[in-house]
Amino acid sequence: MKKLSVLFLKMGRLFKISKLAGTHIDMRIQWDSYISAATSKLSRLAFSESNTKLVTSEVSADRIEAVGLLAHLSFDADRPVVIGNSGILVPLRANNDRYVVLYRLDRSDALTQKMKEYCKEREVVTCNYVDAFFFFLVKELDIPLLQSVTKADVKARIYIENNSSIINFDETVSFHGSFFAWRIEETTSFANFIDLLTWQVGGHHCIEFSTDSPAYGIDRIKSATPSIEVLDLRQLCRAVVGPIAIATDKKVHQATVILTMPELLGKALVSISPSKDELIFGPGGGICFKFTREGTHFLALSLRNFYDFEIGPVLSALTEIGINEVDFDAAHFLSFVFTHGQYLDVAREFLSHPEEIDNLLDVKDTFSCTVEDATSVYENVRVFELTQASVSSPFAVLCHLAAKFKTARSPFVPVEIIDVSKRIMELPNAPYENIYLSLSASHWKHSFIEIYRVIEGLYYFGWMYGVKEAFGGEYAEYELYLKLQDQLSWRYKERASIVKLFEIVPRTVLAAHDPLDIKSLSGRFEERTDNAVMIKFANLIYSIRNSNVHQGNSEDDPSIEVSADCWPKLTYCLFLIVEHLYSAHTTGMPQPPTSQSSVSLKLAQASHNF
């Protein structure tokens, strides 16, 4: 039998009679792996290539009993693992008991004193012994030795007894760093402990990254426990510093972002839940998205697209529809950068004069700044509460801005399309997403396709309208369509459906740009009656749609070359048709989706525990 540490042998005896631990043989194999994880790095450092086995010294009976908790420890997937440059914060559970374990890459009397002060202030229950948590973390997260530990340090602590190389167990722990553990209640906020990860000797708090930070085997853990969430503060720091380094063309290998109000980091990670699904970009690249904070819905909007003289009118326009600005704080900034950092950038004035960033922040290889200093050079992002808003979706908000401000839409969109889009937006269940994407498209073809997608969403309507005309009934056309789709798996033919739809639309709706007067379509109308014109126009529009969606010409569709001056007219016609259908047949129009981002929902549910 292999030589084992005295600690292991005593634990083996303990677990042999424990009903909770399984058989003695199973535990021997399990404990051998934990002891190996705790001593193998020390053994390799002290004895290099030799196969000398290093074991740990005997510990008290109380500690042997306490370490039995290890048999039941597992990751608490209801709370995130938080990684910092100084260590890692890990939520664990053992049956119904929950724990928070802090590992720090440093050792000092000041750190120990800080932990004592924290426990006294927050009235949390400190675990008397960290042995079980040390074994769990050193094995599961591959905790490294401290960089300051040398071969001489280790060899000086090893002594020989009965031909065994032995090292004091507490020194084994100490060579890996500092470990602290607390038992918490179900309702205890995990965020309260993040300050202990960002705290530095001297009393300040910061997030950092460096090139030599350990990986902690997180990928392996996420693979084994897919539901566990990992929040890496090192990546947050990189996300904050990255755009600054790019703008100044500097290489930053180590950075520190000082948190003057450290409690805001916990709020950023816990109480703010940005939507990852509804992220929208303006014509100038500025982002817009919804988020929740402590149950209230908000909108974040980058004003990158707007000139300084427009910002006042933009805020007034939002106030008119009940979207009121609230204070933007460091918690917003950290949360937004953490979630959407790749889409945020420094302000345009700094992009054109990067030397001003250098003057303000002194960007260099080893870089440091406060979070407020970093925020000051970023683009102008504002936060708005949606509680009193008449519209709440980001697309609806951007539609209203696009209808009022040229910088919020594509420059080629004519006033006549803007006017009809304004009228559509006043109607119930307006298709804001397609309207905005059409108004902000980079090319007329894209603008045409986006408003055509509203028509696609109405393919059912002509058929259901006919059914109601023939048989009556209490269902609106959209409800009737959903019933038939559910009960009979009914599907429509696309070309026939657009023809059926356009037959309902009076030709006079298109009086501003009658199809016969659109140059690219001239000569394609054999008959001139209103019904025949609308049927032919439906077929031509469908063919134009196909030629822009699919590569190459279809045998079923005639090739139609649309000239540059005809694209606005065709697009305008589609806007007019949409307006007519949504105003004349309001109850039969599709209801807007009310789906919520699964990520935001998960974060909102988890915030109670986190």
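Residues numbered from 1 in each chain as written. Predicted model: local features only at pLDDT ≥ 70, side-chain atom pairs only at ≥ 80, totals over all residues. Heavy atoms only, no water.

1. Examining the packing of helix α20 (residues 444-456) against helix α25 (residues 567-584)
Next up, step 1: Running from N to C, α20 and α25 point in directions that differ by 20 degrees, and their axes come no closer than 9 Å. Overall, the two elements α20 and α25 adopt an arrangement that is roughly parallel. As for the relative orientation of α20 and α25, their crossing is left-handed in sense. On α25, the residues that touch W444, K445, S447, F448, I451, Y452, V454 and I455 of α20 are W567, P568, L570, T571, L574, F575, I577, V578 and Y582.
Next up, step 2: Residue classes in the contact of α20 with α25 are distributed as 14 nonpolar, two polar and one charged. (Axes fitted to C-alpha atoms, helices over the stretch in contact; angles between N-to-C directions. Helix = DSSP H or I, 4+ residues; strand = E, 2+ residues; numbered from the N terminus. Parallel < 35°, antiparallel > 145°, perpendicular 65-115°, else oblique. Left-handed = near helix turned anticlockwise from the far one by under 90°. Contact = heavy atoms within 4.5 Å. Nonpolar A, V, L, I, M, F, W, Y, C, P; charged D, E, K, R; others polar.)

2. Structural notes on the sheet that holds strand β7 (residues 158-161)
Next up, step 1: The strand order across the open sheet formed by three strands is β1-β8-β7, and the pairing between neighbours is mixed. In the strand order of this sheet, the two ends are held by β1 (54-56) and β7, each with one partner. Direction aside, neighbouring strands of the sheet carry axes that sit 45 degrees apart on average.
Next up, step 2: As judged from the three bridges shared by β1 and strand β8 (residues 164-167), these two strands associate in the parallel manner. Note that in β8 the partner of T56 across the bridge is I167. (Pairing = 2+ DSSP bridges.)

3. Details of helix α13 (residues 330-340)
Next up, step 1: Buried residues dominate α13, accounting for 10 of its 11 residues.
Next up, step 2: Every buried residue belonging to α13 is among A330, A331, H332, F333, L334, S335, F336, V337, T339 and H340, and all of these are buried.
Next up, step 3: Measuring from the side-chain oxygen of the N-cap residue of α13 to the backbone nitrogen of A331 gives 3.0 Å; that N-cap residue is D329. (Buried < 20%, exposed > 50% of the residue type's maximum accessible area, 1.4 Å probe, protein only. Polar contact = N/O pair within 3.5 Å; in protein donor to acceptor, adjacent residues only side chain to side chain.)

4. Considering the packing of aromatic side chains
Next up, step 1: One pass over the full model with this rule turns up 34 aromatic pairs.
Next up, step 2: Taking 6.0 Å as the distance between ring centres and 85 degrees as the angle between the ring planes, the aromatic pair formed by F134 and F169 counts as edge-to-face. Of the two residues, F134 sits in helix α5 (residues 131-140) while F169 sits in helix α7 (residues 169-176), which places them 35 residues apart along the sequence.
Next up, step 3: On the basis of an interplanar angle of 65 degrees and a centroid distance of 5.2 Å, the ring pair of F291 and F336 is categorised as edge-to-face. (Phe/Tyr/Trp six-rings, centres within 6.5 Å; stacked < 30°, edge-to-face > 60°.)

5. Overview of the confidence of the model for the chain
Next up, step 1: On average, residues of the chain score 86 in pLDDT, and 90% of them are at 70 or above.
Next up, step 2: Contacts for the low-pLDDT stretch residues 1-29, under 50 throughout, to residues beyond four places or in other chains number 41 contacts.
Next up, step 3: Counting contacts from residues 594-610, a segment whose pLDDT is below 50, to residues more than four positions away or on other chains yields 32 contacts. (pLDDT = per-residue confidence, 0-100.)

6. Remarks on the packing of helix α17 (residues 394-404) against helix α18 (residues 415-425)
Next up, step 1: As a packed pair, α17 and α18 sit with axes 9 Å apart at the nearest point and diverge in direction by 145 degrees. As for the relative orientation of α17 and α18, their crossing is left-handed in sense. Contacts from C399, H400, A402 and A403 of α17 reach α18 at I418, K422 and M425.
Next up, step 2: In terms of residue class, the contact of α17 with α18 is made up of five nonpolar, one polar and one charged.

7. Some thoughts on the sheet that holds strand β10 (residues 205-209)
Pairing between the strands of a sheet comes from backbone hydrogen bonds, and it takes one of two forms, parallel or antiparallel.
Next up, step 1: With respect to topology, three strands assemble into an open sheet ordered β10-β12-β18, the strand pairing being mixed. The sheet is open, and its two borders are formed by β10 and β18 (366-370), each paired with just one other strand. Across the sheet, the mean angle from the axis of one strand to that of its neighbour is 15 degrees, orientation sign disregarded.
Next up, step 2: Bridge count between β10 and strand β12 (residues 254-259): five bridges; the pairing is antiparallel. Bridge pairing in β12 links H205 to L259.

8. Things to note about the side chain of S440
Next up, step 1: Mapped onto the elements of the fold, S440 is located in the loop between α19 (432-439) and α20.
Next up, step 2: By relative accessible area, which is 17% here, S440 ends up buried.
Next up, step 3: Once residues within four sequence positions are removed from consideration, S440 is found in contact with P283 and S410.

9. Looking at the nonpolar core
Next up, step 1: One finds L401, I498, F502, L521, F537, I541 and L570 to be the most contacted residues of the largest nonpolar core, which totals 88 residues.
Next up, step 2: Among the elements that make up this core, the one with the highest residue count is α25 (11 residues).
Next up, step 3: If we ignore the near neighbours within four places in the chain, the residues touching L521 are P515, F537, L540, I544, I560 and L570.
Next up, step 4: The next biggest cluster of nonpolar side chains, apart from the first, holds 67 residues, and it includes W182, A245, V270 and V346. (Core = buried A, V, L, I, M, F, W, Y, C linked by side-chain atoms within 4.5 Å.)

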